[in-house]
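Each chain, written out:
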Amino acid sequence: MLPVEVLEQAREEMLDWQGSGMSVMEMSHRGPHFKQIAEGTEAALRELMGIGDDYHCLFLQGGATGQFAAIPMNLLGDHRKMNYVLTGSWSRKAAAEARKYGDVIICATSEEDKFTTIPDSTEWRPDPDGAYLHYTSNETIHGVEFPFVPEASMPLVVDMSSDILSREVDVSRFGLIYAGAQKNMGPSGITVVIVRKDLLCDPLPSTPSVLDYRQQAEAGSMLNTPPTYNWYLLGLVLEWLQRQGGLKAVEQRNIEKSELIYRLIDASDFYQNPVDPRYRSRMNIPFTLTDPTLDKVFLQEAESNGMVNLKGHRSVGGMRASIYNAMPLEGVKTLAEFMQEFETRYG
Ligand SMILES: *Cc1c(COP(=O)(O)O)cnc(C)c1O
């Protein structure tokens, strides 16, 4: 979802951005109008997340999946090894891609627990020669989220694709934060990379220029034509978050929204959530019905009541409620009421 206010503003400005006589889609990315949009977006991101001057903010293409490759290419330097913590499908994919570029050490995994928990961080055994430690702060498919930032004796790299901007975070704890925008920041087609400047070293010689952080930083993320309209929409979402009162206020609302659904699930024998309660995601809530033959009926009836995209990922089945920032409390209440009512009829 995108916030309705953001879509309305985009509609208003579609044909003529702030008196420029042009749509943002028609602007030169080197012109003064787009420069203002790009700089405003970066300033809003820095303000919202409290990003210091010792970090670059890059706006790239290729999605989070592109970063699965770009991260080892740019951060390995003289190292051979890198450490990965596996807590679900996305961290597993990140590790699989990194294997093309060096030795991936799986220093902890919850695969035996079907990715329903986070391995006790005191038992992680990262290789001290690793260039970095990578983890995924919210596993979008499995609904497992880190409520803490792990301690690490090497740069911490985090895939925040599905929970960036959902809570306050101390950026200075990280070497690199990355996120595809389309889950919680804006439209697809733009990817944010926040990287500590001193970590940039010579990338692997085969690194494509568009994935080379140093080159992109020097070019203001405009080594080639950036996705201008997506960048603009991302900026509108960031301004909307500022109007919501910033990340502290947004986090409070996300707690309230997710607790509404988890309380309902826990009070019922009809619905289940498989995740270790300590690590339940505030963004993605997977749930199953005691009688899975009712899944189809549930999804059909939800859809005819205006609630779509509730089908769980094909790899885990069941249902999944994704309640990102743009989902209003009212929307979550509607879902909760529907779930209760469905249970009354079929439970
Ligand atoms: C969706 C997602 C990805 C993949 O993002 P793309 O932009 O499609 O490459 C990676 N990591 C997480 C946590 C995701 O939710």
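Residues numbered from 1 in each chain as written. Predicted model: local features only at pLDDT ≥ 70, side-chain atom pairs only at ≥ 80, totals over all residues. Heavy atoms only, no water.

## Quick word on the overall build of the chain
Next, step 1: From N to C terminus, the chain includes nine helices and twelve strands.
Next, step 2: Taking 2.2 N^0.38 as the reference for a compact globule, 347 residues should give roughly 20 Å; the C-alpha atoms of the chain span a radius of gyration of 21 Å, in line with that estimate.
Next, step 3: Referenced to the eigenvectors of the C-alpha coordinate spread, the extents of the chain come out at roughly 60 × 55 × 30 Å.
Next, step 4: Burial statistics for the chain: of 347 residues in total, 54% are counted as buried.
Next, step 5: In the chain, of all internal contacts separated by at least 6 residues, the share reaching a separation of at least 24 is 63%.
Next, step 6: Accessible surface computed for the chain: about 15500 Å², of which carbon and sulfur atoms make up 50%.
Next, step 7: If you average the places of the 32 positive and of the 47 negative side-chain charges in the chain, the two averages end up 3 Å apart. (Helix = DSSP H or I, 4+ residues; strand = E, 2+ residues; numbered from the N terminus. Rg over C-alpha atoms; globule rule 2.2 N^0.38 Å. Buried < 20%, exposed > 50% of the residue type's maximum accessible area, 1.4 Å probe, protein only. Contact = heavy atoms within 4.5 Å. Areas by Shrake-Rupley, 256 points an atom, 1.4 Å probe, with all protein chains shown as cover. Lys, Arg positive; Asp, Glu negative; His and termini not counted. Charge placed at Lys NZ, Arg CZ, Asp CG, Glu CD.)

## Describing the sheet that holds strand β9 (residues 191-196)
Next, step 1: On the basis of which strands lie adjacent, the open sheet formed by seven strands has the order β1-β9-β8-β7-β4-β2-β3 and mixed pairing. Two strands lie at the open edges of the sheet, namely β1 (55-60) and β3 (103-109), each paired on one side alone. Between one strand and the next, the sheet's axes are offset by a mean angle of 20°, whatever the strand orientation.
Next, step 2: One ladder, built from six bridges, connects β1 with β9; its direction is antiparallel. Across the sheet, residue His 56 finds its bridge partner in β9, namely Val 195. (Pairing = 2+ DSSP bridges. Axes fitted to C-alpha atoms, helices over the stretch in contact; angles between N-to-C directions.)

## Overview of the pattern of salt bridges
Next, step 1: This structure, assessed with the given rule, holds 19 salt bridges.
Next, step 2: The residue Asp 202 makes a salt bridge to Arg 214 at a minimum N-O spacing of 2.5 Å. Residue Asp 202 is located in the loop between β9 and α5 (213-218), and its partner Arg 214 is located in helix α5; the two are separated by twelve residues in the primary sequence.
Next, step 3: One salt bridge in this structure joins Arg 263 and Glu 259, with 3.8 Å as the shortest N-O distance. (Salt bridge = Lys/Arg side-chain N within 4 Å of Asp/Glu carboxyl O.)

## Observations regarding the environment of Ala 98
Next, step 1: Residue position: Ala 98 is located in helix α4 (residues 89-98).
Next, step 2: Each C-alpha atom, one on Ala 98 and one on Ile 71, is 7.9 Å from the other, the two residues being 27 residues apart in sequence.
Next, step 3: Contacts of Ala 98, omitting those with residues within four sequence positions, involve Phe 68, Pro 72, Met 82, Tyr 84 and Val 104.

## Examining the packing of aromatic side chains
Next, step 1: Here the structure, examined in full by the defined rule, presents 17 aromatic pairs.
Next, step 2: When the centroid spacing of 5.2 Å and the interplanar angle of 50° are considered together, the rings of Tyr 229 and Tyr 232 count as tilted. Taken together, the residues span about one helical turn, with Tyr 229 and Tyr 232 both in helix α6 (residues 228-243) at a distance of three residues.
Next, step 3: Linked through ring pairs, Phe 270, Tyr 271, Phe 287, Phe 298, Phe 338, Phe 342 and Tyr 346 together constitute an aromatic cluster.
Next, step 4: Above the ring of Trp 90, the side-chain terminus of Lys 93 is found at 4.8 Å from the ring centroid. (Phe/Tyr/Trp six-rings, centres within 6.5 Å; stacked < 30°, edge-to-face > 60°. Lys NZ or Arg CZ within 6 Å of the ring centre and 35° of its normal.)

## A short note on the sheet that holds strand β12 (residues 319-322)
Next, step 1: What the three strands build is an open sheet, ordered β10-β11-β12; its pairing is antiparallel. Each of the sheet's edge strands pairs with one partner strand only, and the pair in question is β10 (271-272) and β12.
Next, step 2: Contacting β10 and β11 (284-289), helix α7 (residues 246-266) crosses the sheet at an angle of about 20° to β11.

## Looking at the nonpolar core
Next, step 1: Leu 45, Met 49, Leu 165, Ile 177, Met 185, Ile 194 and Tyr 232 are the most contacted members of the largest nonpolar core, which has 55 residues in total.
Next, step 2: Not counting residues up to four positions away in its chain, the partners in contact with Leu 165 are Leu 45, Leu 48, Met 49, Asn 184, Met 185, Leu 238, Leu 241, Leu 247, Val 250 and Asn 325.
Next, step 3: Core analysis: the next-biggest nonpolar cluster, separate from the first, contains 27 residues, Ile 71, Tyr 84, Ala 94 and Tyr 213 among them. (Core = buried A, V, L, I, M, F, W, Y, C linked by side-chain atoms within 4.5 Å.)

## What about the packing of helix α2 (residues 32-49) against α6?
Next, step 1: One way to put it is that α2 packs onto α6 with a least axis distance of 9 Å and a crossing angle of 40°. With respect to their mutual orientation, α2 and α6 come out oblique. With respect to the hand of their crossing, α2 and α6 are arranged in left-handed fashion. Contacts between α2 and α6 involve Phe 34, Ile 37, Ala 38, Thr 41, Ala 44, Leu 45, Glu 47 and Leu 48 from the former and Thr 228, Trp 231, Tyr 232, Leu 234, Gly 235, Leu 238, Leu 241 and Gln 242 from the latter.
Next, step 2: Residues that form the contact of α2 with α6 fall into these classes: eleven nonpolar, four polar and one charged. (Parallel < 35°, antiparallel > 145°, perpendicular 65-115°, else oblique. Left-handed = near helix turned anticlockwise from the far one by under 90°. Nonpolar A, V, L, I, M, F, W, Y, C, P; charged D, E, K, R; others polar.)

## A short note on the domain arrangement of the chain
The figure often quoted for interface size is the accessible area lost as the parts come together.
Next, step 1: By domain assignment, the chain separates into domain 1 (4-243) and domain 2 (247-346).
Next, step 2: Between domain 1 and domain 2, the C-alpha centre-to-centre distance is 27 Å.
Next, step 3: If you look at the interface, domain 1 gives 25 residues, while domain 2 gives 23 residues.
Next, step 4: There are one salt bridge connecting domain 1 and domain 2.
Next, step 5: Measuring nitrogen to oxygen at the nearest pair gives 3.7 Å for the salt bridge that ties Glu 168 to Lys 248.
Next, step 6: Taken together, the links from domain 1 to domain 2 amount to twelve residue pairs in polar contact (both at pLDDT 80 or more).
Next, step 7: At the level of elements, α2, β6 (144-145) and α6 are the ones that each hand at least two residues to the side of domain 1 that touches domain 2.
Next, step 8: Residues of the side of domain 1 that touches domain 2, tallied by class, amount to ten nonpolar, ten polar and five charged. (Domains from an automatic or database assignment. Polar contact = N/O pair within 3.5 Å; in protein donor to acceptor, adjacent residues only side chain to side chain.)

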